[in-house]
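Reading the structure
Below, each chain spelled out in residue letters.
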There are 2 protein chains.
Amino acid sequence: MSRSSLAALLLGRPLANEEHAGRKVGLGTGVPTVGLGAFGSPAYGPEAALLVLAPLGAAGLSAFAAVQGVVVVVLLLLWLTFRRAIVAFPGNGGAYTIARDTLGDAGGLLAVVVLVLDYVLNVAVGISAGVAALVSAVPTLAPHRLALCLVVLAGLTLINLRGVLDAGRVFALPVYVFLASFAIVLVAGLVVVLSGNAEPLPSPAPSDPPGETSFWLAVLLAYAVACTGMTGVEAVSNSVDTFRDPAVRTARRALAAVVVVLAVFLAALAVLVPAFGVVAMPQTDAQYRSVLSGLAAAIAGQGALYYVCIGALLGVLVLSAHTSFVGLPGFFRLVAADGWLPRPFAVLGRRLVLTVGVLFLSGCAGALLGLFEGVTDRLVPLFAVAALSVFLLVQLGMTVHGLRVRRRVTSARAAARRATLLNIGVDVVGGLATGLALAVTMVAWFVQGVWILLVVAPALMGLLVAVRRYYATVDRELRDPGPLDLSDLSPPIVLVATEDRSRLTDKALAFALSVSPDVWAVHLAALEGPGSEEKERALREAWESDVEAPARAAGHRPPRLVTVGAPFRHVYAPLLDLVDRLSAQHPGRTIAVLTPEFVKQRWWQYPLHTLRARRMRSGLLAYGGARVVVMSVPWYLDDPDPERAARTTATLPSIAPVD
Amino acid sequence: MSRSSLAALLLGRPLANEEHAGRKVGLGTGVPTVGLGAFGSPAYGPEAALLVLAPLGAAGLSAFAAVQGVVVVVLLLLWLTFRRAIVAFPGNGGAYTIARDTLGDAGGLLAVVVLVLDYVLNVAVGISAGVAALVSAVPTLAPHRLALCLVVLAGLTLINLRGVLDAGRVFALPVYVFLASFAIVLVAGLVVVLSGNAEPLPSPAPSDPPGETSFWLAVLLAYAVACTGMTGVEAVSNSVDTFRDPAVRTARRALAAVVVVLAVFLAALAVLVPAFGVVAMPQTDAQYRSVLSGLAAAIAGQGALYYVCIGALLGVLVLSAHTSFVGLPGFFRLVAADGWLPRPFAVLGRRLVLTVGVLFLSGCAGALLGLFEGVTDRLVPLFAVAALSVFLLVQLGMTVHGLRVRRRVTSARAAARRATLLNIGVDVVGGLATGLALAVTMVAWFVQGVWILLVVAPALMGLLVAVRRYYATVDRELRDPGPLDLSDLSPPIVLVATEDRSRLTDKALAFALSVSPDVWAVHLAALEGPGSEEKERALREAWESDVEAPARAAGHRPPRLVTVGAPFRHVYAPLLDLVDRLSAQHPGRTIAVLTPEFVKQRWWQYPLHTLRARRMRSGLLAYGGARVVVMSVPWYLDDPDPERAARTTATLPSIAPVD
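Once a new chain begins, its residue numbering starts again from 1 and follows that chain's sequence as written. The order in which chains are written sets their letters, starting at A; the order in which ligands are written sets their numbers, starting at 1. Predicted model: local features are reported for residues with pLDDT of at least 70 only, side-chain atom pairs are reported and counted for 80 or more only, and whole-chain, interface and lining totals are derived from all residues. Side-chain numbers here rest on the full set of heavy atoms in the structure, without hydrogens or water.

Thoughts on the overall build of chain A
Which entries qualify depends on this criterion: Under the DSSP-based scheme used, a helix requires at least four consecutive residues in state H or I and a strand at least two consecutive residues in state E, with every element numbered from the N terminus. A simple rule labels every residue: compare its accessible area, found with a 1.4 Å probe on the protein chains alone, to the largest value its type can have, and call it buried under 20%, exposed over 50%, or partly exposed in between. We call two residues in contact whenever any of their non-hydrogen atoms come within 4.5 Å of each other. Method for areas: the Shrake-Rupley scheme with a 1.4 Å probe, in which residue coverage is limited to the protein chains shown.
Along the backbone of chain A there are 21 helices and five strands. A buried classification covers 55% of the 659 residues belonging to chain A. Here the contacts in chain A between residues at least 6 apart in sequence split such that 81% fall between residues at least 24 apart. Accessible area of chain A: about 26400 Å², with a carbon and sulfur share of 65%.

This is the structure:
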């Protein structure tokens, strides 16, 4: 099986650029796809808050309800901001585009870094929370938590190295099952609570009755980590392009659906968790049970519905991690197009680039999972920092955008000015709420892991800046050539590299004579070690009659034969010497080196030929300098098979971006 | 540390071709070097014979003396043949050259195969016999026989991957110690025997009193394997070139020294082994002791002299295995020069080729050691087949050579004719003796392992024939071009591949205009996926003013701008289409495709640039067909560093051949 057909089997057929436009989704497929990250968030955000509040005992449960309420309010503020962002920045960039266009290069740069961290932590947290749900349902798996996390990560990595094309429809099913099953559970729970039949589990006494200060501190910390419960809502703004026309309107409706579902979910938890007295416990406990699992069991018992809920939750969390893998290449492409990342990332369908992205994501997530032993609660503060930074950048960006809009609005239109002012108010208040949570998280969990982000982020930023600076240098060298400069059009001096005369070198000589009157045949002596003198003598003897005479007869200056020694059996060094001497004698003239090349058309021909022509070409290009041009005259044993070129084309490993 | 300086550290400085001539040896260094293989042979040949004769009991010991006597006679006949062979074929080929020049291509081919097998088995037998000597002296090592063999093999492989330059002097010392210590032991033994004081060890009664037939059969088998006791004498004829002038005379004296020492050694064993009643035992015995070790202990006791003997024997056997590693690349080079092996083998100093040879040898020897569990006696029949085949080919070849010489000698010179006849007689009688041993070994040990050679040999032969046939095809295509054909010198149509206009493409355009009036600029559209239409529009708008106008002003036909779509984001397929269309319109004209290439001068530049120019060049060369020429116009961000090219040259991995 050829390499190409193997690639086709593993990767599916390549997609032409035209097909790209056809792959748009409507609301039915779009909401589950872009909502995945958001729908998984209630599995870890509330739990993290509850764990922080655990030492407060019963008071903590009331505080939890309040904290969840605040988070829902912040989420609704964020919705209002994102609604406008989708209209103002309808591209695919989301936070990156907004920050770049409103806060300048520094903002864009910061956005790249926090988005990359967000992608990585989404993978780590999604997997660890999914495994936590699994362990809750099957407690015997508890000792293998980290191993399970890494197995899931390896599976996702493999799937994504293969490439997933039509994921949308596959995603929809588990998401709908998840939403339906939890809707049943939550509604049933609310009915029980409203009918006054809720029997709260005995809540443990506070380990240490907390003072006033530490109570409010705990609430503040709980609020900060509870904010991870709304992560994922930014996904819609990263994917406006993938919605069916009218894209902006469809995207806004999808955003509304995602936010409303999430807000209802969070609000329901605010009510039900205290009502049923569900407690959070450290994931390392042998009896660990996640909050969602505990709640589902308390309401539905451990029947079929419970297992459907947990199964669907596991699916949604793993798929939510998967969205990072799908989204990252597209994001990298956008960033590369702006010159912050290597250009190969900007070229569609470069398999290697996709692989690099997947392995980068997988490596980082694996390192984090290992470092924090696959424990969600320990990962959540880092995720909070990354996700809250993304939100804050969007809110800051939209504030700046609002101020710009306000400046354009004429003072006559008072209503419009008021509306703008109101929008700015929403952004600012939301930003303050987000900023507070961000600051609290960074300070409170600095030692426990947030410092890692503060090491990684500047390093990443430095790399991005260095890449951009390099491209700027190249651009300065190459761009804006002005009108074509044709002041010197003297033909090049052509050197034809020969070992021996053959039909191939003759073809090369004839070509050389057709482009320039100055042709030198360069015999590279001693290439085969001692004993090649004979070959040279034979070559020289036949030169006059077989080459010079026909050239003169055709009215051309005959090609001169020069011999160049190669004492170290080195291919290009002696040629470089000759080039140096010639260019000293003829300053300003281009020197074209023509290497006749036997084209290998079958794999087994490679060991049968020296790679001399190829090495010569590489060496001349690498060290020849600006005055050298390298030409390759090919020779084919069989005519090249046009079918084969076509086949290679058709099965070129190529992946359409899902962004 | 750069790749080059690392290579220099590991491999030593490269040697220029000129240095090659200076590395010649005299007798003092030459005899130990070329004699290594021969001097190790008494360690396994006699032992193998003795083991075959073991069931005969005391009668076997007398038979052993007789068998050894016959082997010495055959060795002396072989000497006479090789003496003449060195004069008649003074090159380095030995059996290969002799067989090729006298028996034709088929003979040469057969010689290649049996010499390769001989090289491989020399490694396997040398190592296993060395380990047997070690195990005899240190019996606790007995259970680790195979592991010890493989460790020694791995060590030799590593040393030889590094490359050994001045091995001659290092080799001499252990060989002289070996010869001196065993000379003392053997002379002391003979003195004891002649003085009648030998006390033979109690020889075990024959397990089963053998009949007449099986007695003679055992003797015949013993003779066949005893012949491996003279392996290694062919080495001189492979290395005539390495001796100091007069090379042939020095080589004949070295041959004489090697043969005489070996013959005396074998003859002494014929006397001493029966006299001291040393018995052979299977190497797998827990109490295993090799015959040489047993004899040395019986004569010298287990004192210092004994350990010196065994230590030197171990050294000589391992070095003898090492000679295969040193000799094989030179042999491959010779065979490759005749076109039986891939040409890269014929190029001196190709590190890769040397590596392939060493790994080939190591892999085959390792497989044999593993298959036969490192037991010398089981490997010896295979070695006998390979070595006896080499001898037989030389004897056959020299017979044919003798007949040719006889035809040339005028009938008047009766004495000369008689001498020639005598020589032919020596070759024929020797050949019959060798052939008998070969036939017996092949039949008797066919099932125990010789069949392997009969599978491997034809496969190897087929491969060699296929390689040669391929080169013949290439030669038919390329050689004898006759006078240079310049019937069509019309300039090529030059296509300049562009993505965008830049100083680099301008440089390419100017070069194109200097070699041909027909220049087309080919804009490859949609290389960056959807959205590159804008780029194209901008390019087209500026084309007239910035390119066409200056070209017209310089009196040139302006380069035309054509756009070629690349729906699959493929680099060269659309260009190939254009080439096809152009060559249909302009039959017979060469089409030169010029690719501007940004030269990467630092490793970190590679990920920062697409490899588009390189991929385009490869694709065009692979599928473009005979009418296409590919030109690369380089662009350097910094001027190339001439120092760097020079450094690369000076430390090119390179090994001088030791052949």
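Following the structure, the description resumes.
Observations concerning the sheet that holds strand E2 (residues 519–525) of chain A
Our working definition: Strands pair, by our definition, only if DSSP identifies at least two bridges between them. As a rule, the C-alpha atoms of each element are fitted with a line to give its axis, helices using only the stretch in contact, and angles between N-to-C directions run from 0 to 180 degrees.
The sheet built from 10 strands is open, its strands ordered E3(A)-E2(A)-E1(A)-E4(A)-E5(A)-E5(B)-E4(B)-E1(B)-E2(B)-E3(B) with mixed pairing. Since the sheet does not close on itself, it has two edges, and those belong to strand E3 (560–565) of chain A together with strand E3 (560–565) of chain B, each with one partner. Ignoring strand direction, the axes of neighbouring strands in this sheet form an average angle of 30°. Examined bridge by bridge, strand E4 (residues 591–599) of chain B and strand E5 (residues 628–636) of chain B share nine bridges and lie parallel to one another.

Digging into the domain arrangement of chain A
Stated formally: All domain edges in this entry derive from an automatic or database-based domain assignment.
Split by domain assignment, chain A resolves into domain 1 (38–469) and domain 2 (493–650). The C-alpha centroid of domain 2 of chain A is placed 62 Å from the C-alpha centroid of domain 1 of chain A.

A word on the environment of Leu637 of chain A
Mapped onto the elements of the fold, Leu637 of chain A is located in the loop between strand E5 (628–635) and helix H21 (642–650). Given the relative accessible area of 15%, Leu637 of chain A is considered buried. Along the primary structure Leu637 of chain A and Phe598 of chain A are separated by 39 residues, whereas in three dimensions their C-alpha atoms are 8.0 Å apart. Contact partners of Leu637 of chain A, with chain neighbours within four places excluded, come to Phe598, Gln601 and Gln605 of chain A together with Tyr470, Thr473, Val474 and Glu477 of chain B.

Side note on the nonpolar core
To be explicit about the condition: What we call a nonpolar core is a set of buried Ala, Val, Leu, Ile, Met, Phe, Trp, Tyr and Cys residues that are connected through their side-chain atoms within 4.5 Å.
If you look at the biggest cluster of nonpolar residues, it comprises 151 residues, and the most contacted ones within it are Ile127, Met230, Val233, Leu295 and Phe331 of chain B. Sort the elements by how many residues they give to this core and helix H6 (residues 95–137) of chain B lands first, with 24 residues. In contact with Val233 of chain B, other than residues within four places in its own chain, are Ala38, Leu75, Leu78, Phe82, Leu255, Val258, Val259, Leu262 and Phe391 of chain B. By size, the runner-up hydrophobic cluster in this structure holds 149 residues, among which are Val34, Val72, Val113 and Ala133 of chain A.

Quick notes on helix H11 (residues 291–300) of chain A
Residues and elements named next belong to chain A. Among the 10 residues that make up H11, eight are buried, leaving the element largely enclosed by the rest of the structure. Within H11, the full set of buried residues consists of Val291, Leu292, Ser293, Gly294, Leu295, Ala296, Ala297 and Ile299. At the exit of H11 stands Gly301, carrying a positive phi of roughly 70°.

Side note on the side chain of Ser41 of chain B
Residue and element names in this part refer to chain B. Definition in use: Polar contact is the term for a pair of N or O atoms within 3.5 Å; when the atoms are in protein, one must be able to donate a hydrogen and the other to accept it, and sequence-neighboring residues count only if both atoms are side-chain atoms.
Mapped onto the secondary structure, Ser41 falls in the loop between helix H3 (27–40) and helix H4 (45–53). Among the polar contacts listed, one links the side chain of Ser41 to the backbone oxygen of Gly37, at a separation of 3.0 Å. With near-sequence residues (within four places) excluded, Ser41 lies in contact with Pro46, Thr228, Gly229, Met230 and Thr231.

Section: a nonpolar patch on the surface
Note the threshold: Residues enter a patch when their relative accessible area is above 30% and they make no salt bridge; the linking distance is 9 Å between like charges and 5 Å between nonpolar side chains (Val, Leu, Ile, Met, Phe, Trp, Tyr). Counted as salt bridges are all cases of a side-chain nitrogen of Lys or Arg within 4 Å of a carboxyl oxygen of Asp or Glu.
On the surface, Phe446, Val447, Trp451, Leu454, Val455 and Val456 of chain A cluster together to form a nonpolar patch covering roughly 550 Å² of accessible area. Tracing the sequence through the fold places Trp451 of chain A in helix H16 (residues 446–478).

Comments concerning the side chain of Thr595 of chain B
Residue and element names in this part refer to chain B. Secondary-structure assignment places Thr595 in strand E4. The exposure class assigned to Thr595 is buried, which follows from its relative accessible area of 1%. Look past the residues within four positions of Thr595 in its chain and what remains in contact with it is Ala613, Met616, Met631, Ser632 and Val633.

Topic: the pattern of salt bridges
All chains considered together, the criterion is met by 30 salt bridges over all chains. In this structure, Asp546 of chain A engages Arg501 of chain A in a salt bridge whose closest nitrogen and oxygen atoms are separated by 3.3 Å. With Asp546 of chain A in helix H18 (residues 533–553) and Arg501 of chain A in the loop between strand E1 (493–498) and helix H17 (503–515), this residue pair connects regions lying 45 residues apart in the sequence. Arg84 of chain B is paired through a salt bridge with Asp427 of chain B; the nearest N and O atoms lie 2.8 Å apart. On the criterion of sequence distance, the pair formed by Arg84 of chain B in helix H5 (residues 58–88) and Asp427 of chain B in helix H15 (residues 414–444) is long-range, its members being 343 residues apart. In this structure, a network of salt bridges that share partners links the residues Arg100, Asp101 and Asp338 of chain A.

Quick look at the packing of H3 of chain B against helix H12 (residues 304–337) of chain B
Residues and elements named next belong to chain B. In plain terms, the rule: The scheme is simple: roughly parallel for angles under 35 degrees, roughly antiparallel for over 145, roughly perpendicular for 65 to 115, oblique for anything else. Helix crossings get a hand from a simple test, with the near helix turned counterclockwise from the far one by less than a right angle marking a left-handed crossing and a clockwise turn marking a right-handed one. Amino acid classes used here: Ala, Val, Leu, Ile, Met, Phe, Trp, Tyr, Cys and Pro are nonpolar; Asp, Glu, Lys and Arg are charged; the rest, including Gly, are polar.
Relative to each other, H3 and H12 sit at 120°, their axes nearing to 8 Å. Taken together, H3 and H12 sit at an angle that is classed as oblique. Of the two possible hands of crossing, H3 and H12 adopt the one that is left-handed. Across the interface between the two elements, Thr33, Leu36, Gly37, Phe39 and Gly40 of H3 pack against Val316, Leu317, Leu319, Ser320 and Thr323 of H12. A per-class count over the contact of H3 with H12 returns five nonpolar, five polar and no charged.

Thoughts on the confidence of the model for chain A
Residue and element names in this part refer to chain A. Just so we agree on the cut-off: The quantity known as pLDDT measures the predictor's confidence residue by residue, on a range of 0 to 100.
Confidence in the prediction for chain A averages 83 pLDDT; 87% of positions are at 70 or higher. Predicted confidence for residues 1–22 stays below pLDDT 50, and this span has 39 contacts to residues more than four positions away or in other chains. Low pLDDT, under 50, characterises residues 647–659; the predicted model gives this stretch 44 contacts beyond four residues in sequence or across chains. Taken over the whole predicted complex, pTM reads 0.71, whereas the ipTM for its chain interfaces reads 0.73.

Structural notes on the packing of aromatic side chains
Operational definition: What counts as a ring pair is set by centres within 6.5 Å for rings of Phe, Tyr and Trp (its six-membered ring), and what kind of pair is set by the plane angle: stacked under 30 degrees, edge-to-face over 60, tilted for all other angles. Note on criteria: charge over ring means Lys NZ or Arg CZ within 6 Å of the ring centre, with the direction from the centre no more than 35 degrees off the ring normal.
Across all of its chains, the model carries 28 aromatic pairs over all chains by this definition. For the pair Phe215 of chain A and Trp216 of chain A, a centre-to-centre distance of 5.2 Å together with 85° between the ring planes defines the contact as edge-to-face. Arranged with centres 5.1 Å apart and planes meeting at 80°, the rings of Tyr306 of chain B and Tyr307 of chain B form a pair that is edge-to-face. Members of the aromatic cluster, each reached through a chain of ring pairs, are Tyr96, Tyr119, Phe331, Phe332, Phe345 and Phe360 of chain A. The ring of Trp340 of chain A is capped by Arg468 of chain A, whose NZ or CZ atom sits 4.0 Å from the centre of that ring. Across the ring face of Trp520 of chain A, the terminal group of Arg560 of chain A is positioned such that the distance to the ring centre comes to 4.2 Å.

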